[in-house]
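Now for the letters of each chain:
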Amino acid sequence: MFFISQSRNGLPRWAHVPPSIKQRRESIWYRIVISIAFFIAVFIVAILGPFRFHTSNALFHDPISEEEFISTLYQATIDDFNPAPISTYCAHENWNTSVVINCDRIFGGIGNTRQRILTCLRHGMKSGMGLIIPKIELRSKDDLAVLESDGDSPLEYSFNREILIDRLNSSCPKMTIYNTIEAASLPGIEIYHFPTQIGRMSICEDDAGFATNFGSLLMFPEHIYHLAFQALYTMNTQHQVTASATNLSSPTNYMGLHLRTSSDATQAGWSSFEKQSEQYLRLASSLPYSLIYLASGNGTSISQFREEAKNMTVVVKEDLLPENGLEKLRSLTWDQAALVDYLILRQAGFFAGLTESSFSWNVAGARTAIKAGVEGVCGNQEATFAEGVAWQDEWSLIIGDNGNEFKGRLWP
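Summarised in this report is the structure supplied together with it. Values in this document were obtained by computation on a predicted structure and should not be read as measured data. (Residues numbered from 1 in each chain as written. Predicted model: local features only at pLDDT ≥ 70, side-chain atom pairs only at ≥ 80, totals over all residues. Heavy atoms only, no water.)

With that out of the way, let us pick up the overall build of the protein. Counting its secondary structure elements, the protein contains 15 helices and 14 strands. Relative to its full complement of 412 residues, the protein shows a buried share of 50%. Residue pairs in contact within the protein that sit at least 24 positions apart in sequence constitute 72% of those at least 6 positions apart. Accessible surface, the protein as shown: approximately 20,500 Å² in total, 54% of it carbon and sulfur. (Helix = DSSP H or I, 4+ residues; strand = E, 2+ residues; numbered from the N terminus. Buried < 20%, exposed > 50% of the residue type's maximum accessible area, 1.4 Å probe, protein only. Contact = heavy atoms within 4.5 Å. Areas by Shrake-Rupley, 256 points an atom, 1.4 Å probe, with all protein chains shown as cover.)

Moving on, we get to empty space enclosed by the protein. In total, this model carries 2 cavities of 30 Å³ or more according to the counting rule given. Approximately 50 Å³ is the volume attributed to the largest cavity. In this structure, the largest cavity is lined by Gly-108, Gly-109, Ile-110, Thr-113, Ile-136, Tyr-157, Ser-158, Asp-335, Gln-336 and Leu-339. The element that contributes the greatest number of residues to the lining of the largest cavity is helix α14 (residues 334-346), accounting for 3 residues. When its residues are assigned to classes, the lining of the largest cavity shows 4 nonpolar, 5 polar and 1 charged. (1 Å grid on protein atoms, 1.4 Å probe; cavity = no way out; pocket = protein on both sides within 12 Å on 5 of 7 lines; lining within 4 Å. Points joined across faces, edges and corners; volume = space filled by probe spheres on them. Nonpolar A, V, L, I, M, F, W, Y, C, P; charged D, E, K, R; others polar.)

This brings us to the sheet that holds strand β9 (residues 255-258). With mixed pairing, 6 strands are arranged side by side in an open sheet as β11-β10-β9-β12-β14-β13. Of all strands in the sheet, those bounded by a partner on one side alone are β11 (313-315) and β13 (389-392). Here the strands of the sheet are splayed against their neighbours by 20° on average, with no regard to which way each runs. Direction of pairing for β13 relative to strand β14 (residues 396-399): antiparallel, over a ladder of 3 bridges. Considered in β14, the bridge of Gln-392 is made with Leu-397. On the sheet, helix α15 (residues 358-377) packs against β9, β12 (350-354), β13 and β14 and is oriented at approximately 155° with respect to β12. (Pairing = 2+ DSSP bridges. Axes fitted to C-alpha atoms, helices over the stretch in contact; angles between N-to-C directions.)

Dropping the structure here:
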């Protein structure tokens, strides 16, 4: 016979549960509710997470601040350097401490100044000379086509002197370094004035490891990286571009374009805005990108391109920087501001540039070095491309009919 046990006052025993047991039963219901809420949260993150969050900047369970993103990516950039091939290159016995190379006429945009310095530096290494840290001739503020009019500036105008000297001291210790030509003007020292040029030799005449890492001797000033990475962080948070703070070769989901229509380019007879725009938009329509980062020194061309790219979001660096970043950007010259573009274009999922521009070729080469390393930089140098394409690989394309001036001749 079934019956309910009674307490002393005649009520069922479960109506007078001792406090500890009652709390235990309430705890069971609490766990059930929490478990249900947890599984609902997991479901939401699983469904929406890939569209709204990314591990490098705003991941739901692992957020990263702007400051941490910038510092982490900067350190990853600095660490992306292998000094061993340079050490091997400098290991010869032909060093002559009484001869010092001075790199004459370092002028133009970043593509030109960077390659001119590297050409001079390589010649000094190969010949066993000391080095005078180069100065940079300044472009006219009033006429971009006048490349040597406003005097000169120390190396810090575009590059990091401290990193260059540190890397040379560790990888090429036999090279004597002088900060100025005055410091090198000593009894018994011969100063050799090297007439710098670019694109005069195949970089892969040297060891492929050297060709790939040599350019990393020249890093930009730290504040340039800060501005570029600040813009990348904004792209992550506002446009979900998936830029990684730790992996330079990680793919991103934006396209980078170099629209070169400033006054110096038009005076030189480079491709018109109409031609560049048509080719870039045709290329963009064939690729899976809805966001374009546009690098251009011509505000009118930026507005025109935005009007023509109606189905795509087009951003420039000024759109991506907060007020403190914009203030720093406005303090830069036209050529210095291009360094910020260079770094953002380097991280794009795909990049397209112009064959007449050494800037475009520098960006494309840097991307190949990051993505494919030695095999990419000194891969198939004899490849041929479709009409209207000067050069192409998996990550970049240079539009134009002739790439012979720069193809394989600029250090990444």
